Amino acid sequence: MNYYNLKDSLEEVDFRTATIKGQGKEKGLFFPESIPQFEENFIQNLHQYTPEEIAYRCMRDFVGDEIPSEILWEIVSETVSFDIPLKKINDKISILELFHGPTLAFKDIGARFMSRCLSYFLKDQEKKVTVLVATSGDTGGAVAHGFYKLPEINVVILYPKNRVSPVQEKQLTALGENISALEINGSFDDCQSLVKQAFSDQEINDHLFLTSANSINVARWLPQQIYYLLALKQWSQYETEKPVICVPSGNFGNICAGLLAYFRGLPAEHFIAACNENDTVPGYLKTQNFIPKKAVPTLSNAMDVGDPSNFVRILELFDHQFDKLKNKISGYSVDDQQTLKTIAEVYKKHNYLLEPHSAVAFVSLQKFLEENPDKKGFILGTAHPVKFPEAVEKATAIKVEIPEALADLMTKEKKTVEISSDFEELKRFLLSKI
């Protein structure tokens, strides 16, 4: 399988190169040259396969022979080595709990897969590798944990000051060792812009071997298909109709992976992009005008993205045909007041504790189902409520207990370097690491 640059289709690379480079010329994202189809028998009989078998069959076409089959099996086995249950909230809405991994967020799946692929590809690399990543919350913790103490790999994480939760910040900043955290005076979009500038800077690239672990990287983006298959395996055990799938959406890598799985043969009735007040994509779906905006801070901070990078991949999947896209995807925007109200109502009515991102998804799916009462669906639960204690406690008056797995981490010292959103400051920091 080769991958082409969405900004320069003449640039084609293999999976190894796409994983290591992160992005192509002119900051273009890589996209698979073909969409491998799931075998119909495989989809119809998912209940017969283990999570490891499902993950392996999902990823083998994208990796090809660049990773030996036995190594790929080890990688996917470690990627899905924790529970990913689909639970009913009410008769119409279920939730896929993606927060049972080591950092209590859905990004554990992509980060674990990518870190292990990158480690395999770079095991004989002479120059030390720098993984450069921007985060709006959960990506940083998942990447830090995935790459922690890996030899010959440094990780530099950029996150927006005062816009991540206390638990998220500890996961970014408390590990030390080969993990450096940069606290940026700005938004996630500023962090993402700095990362893209670094990849395009000749002097930095002359001295450092840079790669990215954001969802712009194919090895972070593609494995997210796996949990849509795991969801369908469970869904089909008690439902006969195809599900409406609602995804909390920030940089749009998560929903894009689900749509890719759909184009490969995953049964899905419809997709919903659930957004907070950063409503660039819902606006596009109404007007056909894609107008990036400056991100505004919200309670669902991991979705505070005004210019989602991965949306260009969604456009590519639909051949840039708006009518086809509009027929398969709906977008909703939910404000903080409605988010808190939903957390409170769902806990009171159904005894289920949502956090802000899953609350945004619940409202969005609920709105869609009110317009389409014959449908059912599930939302993606992208993070554990403990990562957003202030919002959850404000809505429910319930104190969220710190899981035992995080208790030790929360006592550790925060280690960060604070810089502005001026690229020259980031450049000086990176070059000081030589």
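Numbering of residues starts from 1 in each chain and follows the order in which that chain's sequence is written. Only residues with pLDDT of at least 70 are given local features in this predicted model, and only at 80 or more are side-chain atom pairs given and counted; all residues enter the totals for whole chains, interfaces and linings. Processing note: side-chain calculations cover all non-hydrogen atoms of the structure and skip hydrogens and water entirely.

The name an unreviewed UniProt entry assigns to the protein is Threonine synthase, from the organism Chryseobacterium rhizosphaerae. UniProt positions are given in the numbering used here, feature names are shortened, and annotations may be inferred rather than shown by experiment. Taken verbatim from the UniProt record of the protein, the Sequence similarities (unreviewed entry) comment is "Belongs to the threonine synthase family." In its Cofactor (unreviewed entry) section, the UniProt entry covering the protein states "pyridoxal 5'-phosphate".

Undergrad: For this particular structure, what's the right way to read the sheet that holds strand β13 (residues 377-381)?
TA: By definition, the strands of a sheet pair up through backbone hydrogen bonds, in either a parallel or an antiparallel sense. At least two DSSP bridges between two strands are required for those strands to pair. The secondary structure listing takes helices from DSSP runs of H or I that are at least 4 residues long and strands from runs of E that are at least 2 residues long, numbered from the N terminus. Here six strands make up an open sheet; going across it, the order is β4-β5-β13-β10-β11-β12 and the pairing mixed. Each of the sheet's edge strands pairs with one partner strand only, and the pair in question is β4 (86-88) and β12 (329-333). Looking at each pair of strands side by side, their axes are set apart by 25° on average, direction ignored. Here strand β11 (residues 270-275) runs beside β12; their pairing, made up of five bridges, is parallel. Paired with A273 across the strands is G331, a residue of β12. Contacts between residues were defined by any pair of non-hydrogen atoms, one from each residue, lying within 4.5 Å. Axis angles are defined between N-to-C directions and span 0 to 180 degrees, where every axis is a line fitted to C-alpha atoms and, for a helix, only to the segment in contact. Contacts from helix α13 (residues 280-287) reach β11 and β12 within the one sheet, and its direction differs from that of β12 by about 125°.

Undergrad: Looking at this structure, how should I read the side chain of E169?
TA: Inspection of the secondary structure assignment puts E169 in helix α7 (residues 166-173). Identification of polar contacts relies on pairs of N or O atoms within 3.5 Å, with a donor-acceptor requirement for protein atoms, meaning one able to donate a hydrogen and the other able to accept it, and with residues adjacent in sequence counted only if both atoms are side-chain atoms. A polar contact of 2.8 Å, which involves the side chain of E169, links it to the side chain of Y159. Beyond its immediate chain neighbours, meaning those up to four positions away, E169 contacts Y159, V164, E183 and K414.

Undergrad: Which parts of the structure should I look at to understand the UniProt feature "domain: Threonine synthase N-terminal" (unreviewed entry) in the protein?
TA: Per the UniProt record, the feature "domain: Threonine synthase N-terminal" (unreviewed entry) sits at residues 3-79. Taken end to end, residues 3-79 comprises 47% helix and 17% strand; its first and last C-alpha atoms sit 23 Å apart.

Undergrad: How should the packing of aromatic side chains be read in this particular structure?
TA: A pair of Phe, Tyr and Trp rings is counted when the ring centres sit within 6.5 Å of each other, with Trp represented by its six-membered ring. The angle between the planes then sorts it: under 30 degrees is stacked, over 60 is edge-to-face, the rest tilted. For the structure on display, the rule yields 19 aromatic pairs. Ring centres of F263 and F318 lie 5.1 Å apart, and the angle between their planes is 80°; this geometry places the pair in the edge-to-face category. Placement of F263 in helix α12 (residues 253-264) and of F318 in the loop between α14 (311-317) and α15 (322-328) is noted, with a sequence separation of 55 residues between them. Classification of F263 by relative accessible area gives partly exposed; the value is 26%. Burial classification: accessible surface area is computed with a 1.4 Å probe over protein chains only, and a residue below 20% of its type maximum counts as buried, one above 50% as exposed, and the rest as partly exposed. The class of F318 is buried, set by a relative accessible area of 3%.

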